[in-house]
Amino acid sequence: MALNLRQKQTSCVIRMLNINQAPAPISATTPAAGAGEEVYKILILDPFCRDLLSPLIHVKDLRKHGVTLYFLIDKDRQPVPDVPAVYFVRPTPSNLQRFAADVSRHLYDSFHLNLSSSLPRPLLEELAASLLRSDSVPRVSRIYDQYLDFISLEDSLFSLAHRDAYIQLNDPSAGDHEIEEIIDRVASGLFCVLVTLGVVPIIRCARGGPAEMVASALDSRLRDHLVTKNNLFSESSGLVSSFQRPVLCIFDRNFELAVGIQHDWSYRPLVHDVLGLKLNRVNVQGEKPGGMKSFELDGSDPFWFANSWAPFPKVAEEIETQLSKYKQDVDEVNRRTGGTDGVDFDGTDLIGNTKHLMNAVNSLPELTERKKVIDKHTNIATVLLGEIKERSLDSYCNLEDDLLTKGSADRNALFGLLTGKGTKMDKLRLAITYLLSMEATPQSELEAVESALRESEVDTCAFLYVKKIKSLNSSLASSASSASKSNIVDWAEKLYGQSISAVTAGMKNLLSGGRQLALTRTVEVLMEGKPNPEVDSYLMFDPRAPRSGSGAQVKGPFKEAIVFMIGGGNYVEYRSLMELAQRSQPVKHVIYGTTEVLNGVEFVEQLTVLGQKMGLGSTPAGSSQS
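Residues numbered from 1 in each chain as written. Predicted model: local features only at pLDDT ≥ 70, side-chain atom pairs only at ≥ 80, totals over all residues. Heavy atoms only, no water.

**Observations concerning the overall build of the protein**
Defined as follows: What counts as a helix is a DSSP run of H or I of at least four residues, what counts as a strand is a run of E of at least two, and both are numbered from the N terminus. Think of it in three bands: residues with accessible area under 20% of the maximum for their type are buried, residues over 50% are exposed, and the middle band is partly exposed, with areas taken using a 1.4 Å probe on protein chains only. Contacts: residue pairs with any heavy atoms within 4.5 Å of one another. In these tables, accessible area is a Shrake-Rupley quantity obtained with a 1.4 Å probe, and a residue counts as shielded only by the protein chains included in the view.
The helix and strand tally for the protein stands at 23 helices and 14 strands. When the 626 residues of the protein are sorted by exposure, 52% land in the buried category. Partitioning the intrachain contacts of the protein with sequence separation of at least 6 by distance along the chain shows that 79% fall at a separation of at least 24. Surface accessibility of the protein: about 28500 Å² in total, with carbon and sulfur atoms responsible for 53%.

Structure below.
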């Protein structure tokens with residue numbers, strides 16, 4: 001796949017760890033670097049760059065690239081003379097001040113400064129002045145802009161790790177300057193993604209709101225960069241890449257709110273939602289009280305790779321199947337080597353028939369590894385099952401699915417859950433999903449839902465906030481035909497970061513295609529690149545086309561797309577886009593990115609903050625949203 005973001009980012013990181021040279025092949029007899037070259041080095045990171053490396057490279061693999069120690073930049077460190085230091089940090093004033101202080105104190109032999117994004121000119125001048133004052137310029141070997149300011153969680157999934165972007169963009173008190181700052185940060189992160197991939201895409205987005213602002217800022221940045229000599233896309237501007245460029249589709253979370261809120265029944269979204277999957281790691285309560293276990297869940301885990309999108313009951317069955325097969329294989333090895341049937345395979349029973357001994361020894365690492373994976377997923381599934389039973393999560397999933405596919409649900413089931421099992425947050429999420437899925441909701445019904453929430457001592461701020469957006473959007477949609485915008489429309493655009501196409505319109509799209517998400521349907525149409533009333537109003541930017549002229553022409557159909565969600569993405573959307581790519585003929589390639597990956601609880605917490613900022617609802621005394 002041409003657009004393997006994680007692979008390309010990993011290659012850049014490995015090059016950086018090898019002092020920005022191509023890594024020499026590592027063999028058993030030779031050191032990792034060429035003759036006379038320093039092999040061992042120290043790595044200094046800030047918290048963001050540590051998180052960036054976490055899904056890409058394990059601590060044990062750092063050794064392969066000559067990194068013997070790594071530290072956070074803001075911690076006090078002892079001098080380590082005669083060893084070079086590789087710094088990998090964001091270009092912030094505090095990081096650069098700390099770097100200059102380390103250089104002036106001669107902490108290390110030489111200093112290689114790598115910045116996750118480009119270093120602004122004023123900060124570069126400040127750093128240069130600081131190094132000149134301490135007479136330590138010669139110790140700084142090189143300063144590199146790495147353009148790696150994003151986190152690759154999987155080959156086709158990335159996050160800019162911009163926390164609370166949805167709140168910042170929809171905050172009624174946010175000024176123009178703050179909004180511009182966030183838009184600029186998002187555009188900068190997307191620019192880094194495109195540099196790493198080496199592509200200049202055609203950009204598509206809906207009119208109005210953050211999507212258009214980001215698209216426009218990114219288009220300007222790409223245009224300014226493409227006219228510079230030796231620009232970062234020079235190598236990839238040949239015939240091959242310009243023949244078929246990807247399409248970058250930019251969306252705003254308000255395009256389809258319900259997906260960020262609903263419960264989901266498949267393994268990966270459940271692990272994210274219930275156990276808080278972060279940076280491909282999850283912490284699970286062990287058998288002993290107070291003992292937490294940390295597990296890695298990524299492509300290196302064959303069970304996760306094969307089953308993470310399966311519905312939870314299928315995953316539980318598969319764990320049983322794998323365990324049974326493992327026991328059969330252990331019994332077979334024991335039988336062949338004269339061991340005891342049914343004894344867990346730990347290598348101590350390898351006695352007896354020498355003819356089969358070597359085969360048994362060779363199968364030991366593979367069997368041990370399989371057992372480790374089975375134990376890990378048994379542990380995770382057991383904790384999930386406990387939560388599902390305690391909170392009736394299956395009932396929440398089924399009811400929300402009915403609401404989102406049929407636009408209706410059993411009233412008794414709805415109120416049974418709102419006043420029954422489940423956390424306060426489960427109830428709030430169900431109520432908001434109900435609100436978003438209904439085309440028109442009778443006032444008496446809404447009041448009954450609010451009353452049920454209050455009865456369960458749930459903070460209704462988020463519910464009331466979504467209710468306000470929905471009613472505002474309905475009134476805006478009905479007055480959309482009027483030629484002049486009233487103040488209320490201007491206010492709404494500023495307040496909700498979007499123009500008239502809104503939450504309810506997104507829901508209609510969602511309901512019309514069965515369970516296909518509005519986002520997936522829109523991306524499919526944009527990738528076809530043909531005139532279509534669903535997307536004819538979408539703007540198009542082509543950074544390679546002249547600014548003047550009749551505008552860019554769609555060069556579809558597109559084989560590759562980068563889909564970016566401003567204001568928080570989730571695994572439900574990611575799965576839907578991966579399914580689209582797989583079922584296309586020929587198979588297409590889609591990368592999904594977002595300002596941050598959020599589960600339903602985290603997203604509703606942001607809606608709650610916005611509700612509070614607008615003075616809606618109130619938190620019941622002494623209650624929490626656990």
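Continuing now.
**What about unusual backbone geometry?**
Of note, the bond from Q585 into P586 is cis; its omega dihedral lies within 30 degrees of zero at -10°. With respect to the helices and strands, P586 occurs in the loop between α22 (571–583) and β14 (589–594). Even without glycine at this site, A161 takes up a positive phi of about 55°. Relative to the helices and strands, A161 resides in the loop between β7 (157–159) and α6 (165–170). Not every positive phi belongs to a glycine, and N280 is a case in point at roughly 65°.

**Observations regarding the pairing of strand β9 (residues 247–252)**
Heads up, the rule is: Strands are treated as partners if at least two bridges between them are detected by DSSP.
Within β9, six of the six residues are buried, which leaves the element mostly enclosed by the surrounding structure. Covered by surrounding structure in β9 are V247, C249 and F251 together with L248, I250 and D252, the residues of both alternating faces. With four bridges joining them, strand β8 (residues 202–205) and β9 adopt parallel strand pairing. In the sheet register, R204 faces β9, and the bridge partner there is C249. Note: β9 against strand β13 (residues 560–566), six bridges, orientation parallel. Across the sheet, C249 pairs through a bridge with V563, a residue of β13.

**Some points on the sheet that holds strand β2 (residues 67–72)**
What counts is decided by this rule: Orientation is described by lines fitted to C-alpha atoms, with helices fitted over the stretch in contact, and by angles between N-to-C directions that extend from 0 to 180 degrees.
The parallel open sheet is built from five strands, whose spatial order is β2-β1-β3-β4-β5. In this open sheet, the two strands that pair with only one neighbour each are β2 and β5 (140–145). On average, each strand axis in the sheet is tilted by 15° relative to the strand beside it, whichever way the strands run. Sheet topology note: the strand β1 (residues 41–45)/β2 ladder contains five bridges and is parallel.

**Structural notes on the nonpolar core**
The line we're drawing: Take the buried residues of types Ala, Val, Leu, Ile, Met, Phe, Trp, Tyr and Cys, join any two whose side-chain atoms come within 4.5 Å, and each joined set is a nonpolar core.
Counting residues in each nonpolar core, the largest one holds 69 residues, and the members touching the most others are F251, V271 and I380. Not counting the four nearest positions on each side in its chain, I380 is found in contact with Y267, V271, L275, V282, V284, F295 and L297.

**Quick notes on helix α21 (residues 518–528)**
Counting buried residues along α21, eight of its eleven residues qualify, which places the element largely inside the surrounding structure. Regarding α21, the residues found buried are A518, L519, T520, T522, V523, V525, L526 and M527.

**Brief notes about the packing of aromatic side chains**
Rules: Working definition: rings of Phe, Tyr and Trp (its six-membered ring) pair if their centres are within 6.5 Å, and the pair is stacked with planes under 30 degrees apart, edge-to-face with planes over 60 apart, and tilted otherwise. Put simply, a charge is over a ring when the Lys NZ or the Arg CZ is close to the ring centre, within 6 Å, and near the line of the ring normal, within 35 degrees.
Tallying each qualifying case throughout the model produces 18 aromatic pairs. Among the aromatic side chains, those forming a connected cluster through ring pairs are Y87, F99, Y108 and F111. Lying over the aromatic face of F48, R90 brings its terminal NZ or CZ to 3.6 Å of the ring centre. We note R268 situated over the ring of W309; from NZ or CZ to the ring centre the distance is 4.0 Å.

**Points about a negative patch on the surface**
Cut-off, in case you're wondering: Each patch is built from residues that are more than 30% exposed by relative accessible area and take part in no salt bridge. Like charges join if they lie within 9 Å; nonpolar side chains (Val, Leu, Ile, Met, Phe, Trp, Tyr) join within 5 Å. Salt bridge, as used here, is a side-chain nitrogen of Lys or Arg placed within 4 Å of a carboxyl oxygen of Asp or Glu. This count recognises Lys and Arg as positive and Asp and Glu as negative, with His and chain-terminal groups excluded. Think of each charge as sitting on NZ of Lys, CZ of Arg, CG of Asp or CD of Glu.
Where like charges cluster on the molecular surface, the negative patch consists of D176, E178, E180 and E181. When you line up the elements, D176 lands in helix α7 (residues 176–197). Looking at D176, the relative accessible area reads 57%, which means it is exposed.

**Focus on the confidence of the model for the protein**
Rules: Confidence scores per residue from the predictor, reported as pLDDT, run from 0 to 100.
Of all residues in the protein, 82% attain a pLDDT of 70 or more, and the chain-wide mean is 84. Within the protein, no element has a lower average pLDDT than helix α20 (residues 503–512), which sits at 37, and none a higher one than β7, at 97. Within the model, pLDDT remains below 50 along residues 480–514, and this stretch shows 71 contacts once partners closer than five positions in the same chain are excluded. Under a pLDDT of 50 for its full length, residues 620–624 has, in the predicted model, six contacts with residues more than four places off or in other chains.

**A look at the packing of helix α16 (residues 424–437) against helix α23 (residues 600–613)**
The relative placement of two packed helices comes down to the angle between their axes together with the axis-to-axis distance. To keep it simple, the criterion reads: Working rule for angles: under 35 degrees goes down as roughly parallel, over 145 as roughly antiparallel, 65 to 115 as roughly perpendicular, anything else as oblique. The nonpolar class holds Ala, Val, Leu, Ile, Met, Phe, Trp, Tyr, Cys and Pro. Asp, Glu, Lys and Arg form the charged class, and all remaining residues, Gly among them, are polar.
It is at 10 Å that the axes of α16 and α23 come closest, and there the two elements cross at 75°. By the criterion of interaxial angle, the relationship of α16 to α23 is roughly perpendicular. When α16 is examined against α23, the residues M425, L428, R429 and I432 are found in contact with a partner set consisting of G600, V601, V604, E605, L607 and T608. Here the contact of α16 with α23 is composed, by residue class, of six nonpolar, two polar and two charged.

**Overview of the pairing of β1**
Among the five residues of β1, five are classified as buried, and the element is accordingly described as predominantly covered. What you see with β1 is no split at all: K41, L43 and L45 on one side and I42 and I44 on the other are buried throughout. Pairing between β1 and strand β3 (residues 84–89): four bridges, direction parallel. In the strand pairing of β3, L45 is matched with F88.

**Some details on the environment of C461**
Checked against the element boundaries, C461 lands in helix α18 (residues 461–478). A C-alpha to C-alpha distance of 9.7 Å links C461 and L428, two positions 33 residues apart in sequence.

**Considerations on the environment of M213**
Counting through the fold element by element, M213 comes out in helix α8 (residues 209–226). The partly exposed category is assigned to M213, whose relative accessible area is 35%. Considered as a pair, M213 and D184 are 29 residues apart in the sequence and their alpha carbons are 9.0 Å apart. Apart from residues no more than four positions distant in its own chain, M213 is found in contact with I179 and I183.

**Describing the side chain of E602**
For clarity, the cut-off: Think of a polar contact as two N or O atoms within 3.5 Å of one another; within protein, one of them needs to be a possible hydrogen donor and the other a possible acceptor, and neighboring residues in sequence only count if both atoms come from side chains.
On the secondary structure map, E602 appears in helix α23. Within the structure, the side chain of E602 is placed 2.7 Å from the side chain of K278, a separation counted as a polar contact. Discounting residues that sit within four places of it in the chain, E602 has contacts with H272, K278 and V597.

**Description of the packing of helix α15 (residues 411–418) against helix α17 (residues 443–455)**
One can describe the packing of α15 onto α17 by two numbers: an axis separation of 9 Å at closest approach and a directional angle of 25°. Relative to α17, the element α15 lies roughly parallel. The residues of α17 that touch α15, namely those facing R411, L414, F415 and L418, are E445, A448, V449, A452 and L453. By residue class, the composition of the contact of α15 with α17 is seven nonpolar, no polar and two charged.

**A few points about the sheet that holds β14**
Strand order in the open sheet formed by seven strands is β6-β7-β14-β13-β9-β8-β12, and the pairing between neighbours is mixed. Because the sheet does not close on itself, it has two edges, and the strands there are β6 (151–154) and β12 (539–541). Averaged over all adjacent pairs, the angle separating strand axes in this sheet is 20°, with direction ignored.

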